[in-house]
Amino acid sequence: MRDLMSARRAVRTALAAEDTDALAAARRNVDKAKVGLGERGPVWWTDGSPDLNRHMARNTPYADWFAGLGETGE
């Protein structure tokens, strides 16, 4: 988490400075940190569950639960 937060701060700094090279490097570091945390890259679990990332809830086994939330999402 420390690496991710540091990389995100570097993105903010690079954007403020309009430094495209630093921005590209910072975004690569964000990606690297997210892969390290398991947020990106190949799935890390092996329980046989399907990978439902990047699926709309209404198109998953959670569709009924999602429909019950209503418009507010509560």
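Because the structure is a prediction, the values reported are computed rather than measured. (Residues numbered from 1 in each chain as written. Predicted model: local features only at pLDDT ≥ 70, side-chain atom pairs only at ≥ 80, totals over all residues. Heavy atoms only, no water.)

Section: the overall build of the protein
For the protein, the helix and strand inventory stands at three helices and zero strands. Listing the helices and strands of the protein from first to last along the sequence gives α-α-α. Computed over its C-alpha atoms, the radius of gyration of the protein comes to 18 Å, more than 25% above the 11 Å expected for a compact globule of 74 residues. Here the C-alpha coordinates of the protein stretch approximately 45 × 35 × 20 Å along the principal axes. By the burial criterion, 14% of the 74 residues in the protein qualify as buried. (Helix = DSSP H or I, 4+ residues; strand = E, 2+ residues; numbered from the N terminus. Rg over C-alpha atoms; globule rule 2.2 N^0.38 Å. Buried < 20%, exposed > 50% of the residue type's maximum accessible area, 1.4 Å probe, protein only.)

Here we look at the confidence of the model for the protein
Low pLDDT marks stretches whose predicted atomic positions should not be read closely. On average, residues of the protein score 90 in pLDDT, and 95% of them reach the 70 mark or higher. Averaged pLDDT values over the elements of the protein bottom out at 92 in helix H3 (residues 63-67) and peak at 98 in helix H1 (residues 2-17). (pLDDT = per-residue confidence, 0-100.)

A look at the side chain of Lys34
You can see Lys34 is positioned in helix H2 (residues 20-37). Exposure remark for Lys34: the relative accessible area of 14% places this residue in the buried category.

Describing the environment of Arg27
When you line up the elements, Arg27 lands in helix H2. The exposure class of Arg27 is partly exposed, given its relative accessible area of 48%. Taking C-alpha positions, Arg27 is 30 Å from Ser49, a pair spaced 22 residues apart along the chain. In this structure Arg27 touches Val11 and Leu15, once residues within four positions along its chain are discounted. (Contact = heavy atoms within 4.5 Å.)

Some words on the pattern of salt bridges
Evaluation of the coordinates by the stated rule reveals two salt bridges. Close ionic contact of Asp31 with Arg40 constitutes a salt bridge, the shortest N to O distance being 2.9 Å. Judged by its relative accessible area of 36%, Arg40 falls in the partly exposed class. Here Glu39 makes a salt bridge to Lys34, at a shortest N to O gap of 3.6 Å. Take Glu39: its relative accessible area is 46%, and that puts it in the partly exposed class. (Salt bridge = Lys/Arg side-chain N within 4 Å of Asp/Glu carboxyl O.)

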